[in-house]
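Listed below, chain by chain, are the residues.
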Amino acid sequence: MAEFYLSKNYNNTTSAGNKAKTDIERILSGSGYKNAGLAQTTHSNKITGFILTLAGVLKVFFTISAGDTVVVQYPFKKYYSFVCNIIHFRKGKVITVIHDLGAFRRKKLTIDKEIRRLNHTDILVVHNDNMQDWLQQQGYTKPMISLGIFDYLSASENEKTPLFDGQLTKVIYAGALSYRKNKYLYNLDDKISKWQFELYGGGFEENKIKNKKHFKYNGFIPSDQLIEQVDAHFGLIWEGESTSVCSGNFGEYLKLNNPHKASLYIRCNLPLIIWEEAALATFVSENKIGICIRSLEDLDVVLPAISAEMYAEMKKNIKKINERISSGYYINKALSDAEKYLNENFT
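Residues numbered from 1 in each chain as written. Predicted model: local features only at pLDDT ≥ 70, side-chain atom pairs only at ≥ 80, totals over all residues. Heavy atoms only, no water.

Undergrad: Quick one: what's the story with the overall build of the protein chain, residue by residue and with numbers?
TA: The secondary structure content of the protein chain amounts to 12 helices and 12 strands. Expected size for 347 residues packed as a compact globule is a radius of gyration near 20 Å; at 21 Å, the protein chain falls within 12% of this value. Taken along the three principal axes of its C-alpha coordinates, the protein chain extends 65 × 40 × 40 Å. For the protein chain, the residues scored as buried account for 53% of the 347 residues in total. Across the protein chain, contacts joining residues at least 24 apart in sequence account for 69% of those joining residues at least 6 apart. Summed over all atoms, the accessible surface of the protein chain reaches about 15600 Å², with 50% contributed by carbon and sulfur. In the protein chain, 44 side chains carry a positive charge and 37 a negative one; their mean positions are 6 Å apart. (Helix = DSSP H or I, 4+ residues; strand = E, 2+ residues; numbered from the N terminus. Rg over C-alpha atoms; globule rule 2.2 N^0.38 Å. Buried < 20%, exposed > 50% of the residue type's maximum accessible area, 1.4 Å probe, protein only. Contact = heavy atoms within 4.5 Å. Areas by Shrake-Rupley, 256 points an atom, 1.4 Å probe, with all protein chains shown as cover. Lys, Arg positive; Asp, Glu negative; His and termini not counted. Charge placed at Lys NZ, Arg CZ, Asp CG, Glu CD.)

Undergrad: Any details on unusual backbone geometry? Residues and values, ideally.
TA: Cis geometry marks the peptide bond from Y74 to P75, where omega comes out at 10°. One non-glycine residue, K91, lies in positive phi territory at about 65°. Its place among the elements puts K91 in the loop between α3 (80-89) and β4 (93-98). Given a relative accessible area of 62%, K91 falls into the exposed group. You will see that N269, though not glycine, has its phi angle at about 65°, which is positive. As for its position among the elements, N269 is in the loop between α8 (260-267) and β11 (272-275). Here N269 falls in the buried class, since its relative accessible area comes to 8%.

Undergrad: Describe the layout of surface pockets, with residues and values.
TA: Its volume calculated, the second largest pocket comes out at about 340 Å³. Elements supplying a minimum of two residues to the lining of the second largest pocket: α5 (129-137), β6 (144-146), α9 (281-287) and α12 (329-345). Top contributing element to the lining of the second largest pocket by residue count: α12, with 5 residues. Split by residue class, the lining of the second largest pocket holds 8 nonpolar, 6 polar and 5 charged. (1 Å grid on protein atoms, 1.4 Å probe; cavity = no way out; pocket = protein on both sides within 12 Å on 5 of 7 lines; lining within 4 Å. Points joined across faces, edges and corners; volume = space filled by probe spheres on them. Nonpolar A, V, L, I, M, F, W, Y, C, P; charged D, E, K, R; others polar.)

Undergrad: Tell me about the packing of α8 against helix α11 (residues 308-325), and please be specific about residues and values.
TA: Across the interface, α8 lies against α11 with an axial gap of 8 Å and an inter-helix angle of 115°. Here α8 lies roughly perpendicular to α11, going by the angle between them. Between α8 and α11 lies a crossing whose hand is left-handed. Taking contact as the criterion, the partners of S263, I266 and R267 in α8 are, on α11, I318, I321, N322 and I325. Classifying every residue of the contact of α8 with α11 gives 4 nonpolar, 2 polar and 1 charged. (Axes fitted to C-alpha atoms, helices over the stretch in contact; angles between N-to-C directions. Parallel < 35°, antiparallel > 145°, perpendicular 65-115°, else oblique. Left-handed = near helix turned anticlockwise from the far one by under 90°.)

Undergrad: Quick rundown of the pairing of β11? Include the residues and the values.
TA: Residue alternation in β11 divides its side chains into two sets, L272 and I274 and I273 and W275, and both sets are buried. Across 3 bridges, the pairing between strand β10 (residues 234-237) and β11 is parallel. Opposite L236, over in β11, you have I273 as the bridge partner. In this sheet, strand β12 (residues 290-293) lies alongside β11 in parallel orientation, the contact comprising 4 bridges. Residue L272 lies in a different strand from β12, and its bridge partner there is G290. (Pairing = 2+ DSSP bridges.)

Okay, here's the thing in structure tokens:
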């Protein structure tokens, strides 16, 4: 019995979703898994990408044997059900690693259709317990393993040690900065007086900010460079339209998913600020790696109340998690648990 993963063509490796998937491929390759398809490629041409990915899927039929396990990363577009059927026809087993739920976030699938697709797997690696509960409520019937948090590979390290004295706390947000994606950014300027908000990414509409005193826009910086250079105290996990609650589709999705930017912040050695209803808030709280807040409007009170000792404890705990996600700890553990379950329950 052998262990495989399935690579594909990625039109780029800079987006958060593709970065997470290619990191997992690297981790699995380093852990002894073999590629059941063709070698990973990064062609931006859609026709070329389609042909290469389809050829890789077809190769699976000739690669695996009875009893083998294949890790498939989801979404895998139109090929997902097909490749699961190929693996099962060859009497292999499928472990699916969820990255995104199209029915919930992008609304490209109905919930019923997505659940029917996911039920083709033998076991599912989900982001967290919230996602597991939601999938069960929607009719998913197979076993699940919670990942905890996404690993994040980078050769860069952050050695910055900014002074934390409660006087001018620097909070960063990295990601899409457009008004459409994160309206809350443009309603925050009159609610900040005791902290500095530093933004990294594209699409920032600076003309919509009335009071720029506590805002600093740094533009887009590649993630490896950001890890190395950022000099701040916290990384913010917040999405949606409102400063008082994470709202809209993007905000609601926080109740289920693990944002990849959380792992980026951890690689920057930054403790997290996160909405208390976000799924990842439990991980933050249990590991003591940041603060969970009800509203962004509370930060003017919450941040000055954090002592230097409290912050030092968060930094110490962040470094522990940083070591884990930089080595593939979480995906290796989840797949080890999944393999164990399959070996005990499938013959």
